[in-house]
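Chain and residue survey
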Amino acid sequence: MSQYKVSQSDTTHGTDGEHHLVKGQQSSMRLWHREEPNADKPERTHEYETLGYVIEGRVDLIVNGETISLQPGDSYHVPAGAPHTFRVTETLTAVEVTTPGTDK
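Reading the values: rules and limits
- Residues numbered from 1 in each chain as written.
- Predicted model: local features only at pLDDT ≥ 70, side-chain atom pairs only at ≥ 80, totals over all residues.
- Heavy atoms only, no water.
- Core = buried A, V, L, I, M, F, W, Y, C linked by side-chain atoms within 4.5 Å.
- Buried < 20%, exposed > 50% of the residue type's maximum accessible area, 1.4 Å probe, protein only.
- Helix = DSSP H or I, 4+ residues; strand = E, 2+ residues; numbered from the N terminus.
- Contact = heavy atoms within 4.5 Å.

1. Some points on the nonpolar core
Listed in full, the eleven residues of the largest apolar core are Val 54, Val 59, Leu 61, Val 63, Leu 70, Tyr 76, Val 78, Ala 82, Val 88, Leu 92 and Ala 94. Elements with a contribution of two residues or more to this core: strand S4 (49–63), strand S6 (75–78) and strand S7 (84–99). A per-element tally of this core places S4 first, with four residues. Discounting residues that sit within four places of it in the chain, Val 63 has contacts with Ile 68, Val 78, Pro 79, Ala 82, Pro 83 and His 84.

2. Description of the environment of Thr 12
Here Thr 12 lies in strand S1 (residues 12–13). Residue Thr 12 is classed as partly exposed on the basis of its relative accessible area of 47%. In this structure, the C-alpha to C-alpha distance between Thr 12 and Arg 30, residues 18 residues apart in sequence, is 9.6 Å. Every residue in contact with Thr 12, bar those within four places of it in the chain, is listed here: Glu 18, His 19 and His 20.

Encoded structure:
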């Protein structure tokens, strides 16, 4: 059975503070809502790629050792298997799509 809608009250929350939104057959969507400034999180790699869009705030995304400063209106890509981390520098709201879909 397909899920065509996920209401706000039905979203789940991940261990890193993300809100899991809708999940399709090939991808999933998540929201980072008002993520507060932080020091670098541990570097990690994932088996999925991530595409994102910054709605508000600022964040430094570090991918493969390269620092990319992001602000509202910027979009970004983290390839599958790429070592990465991020540093929120101004309270952040961003939406991401992961492919393949994940519950992480």
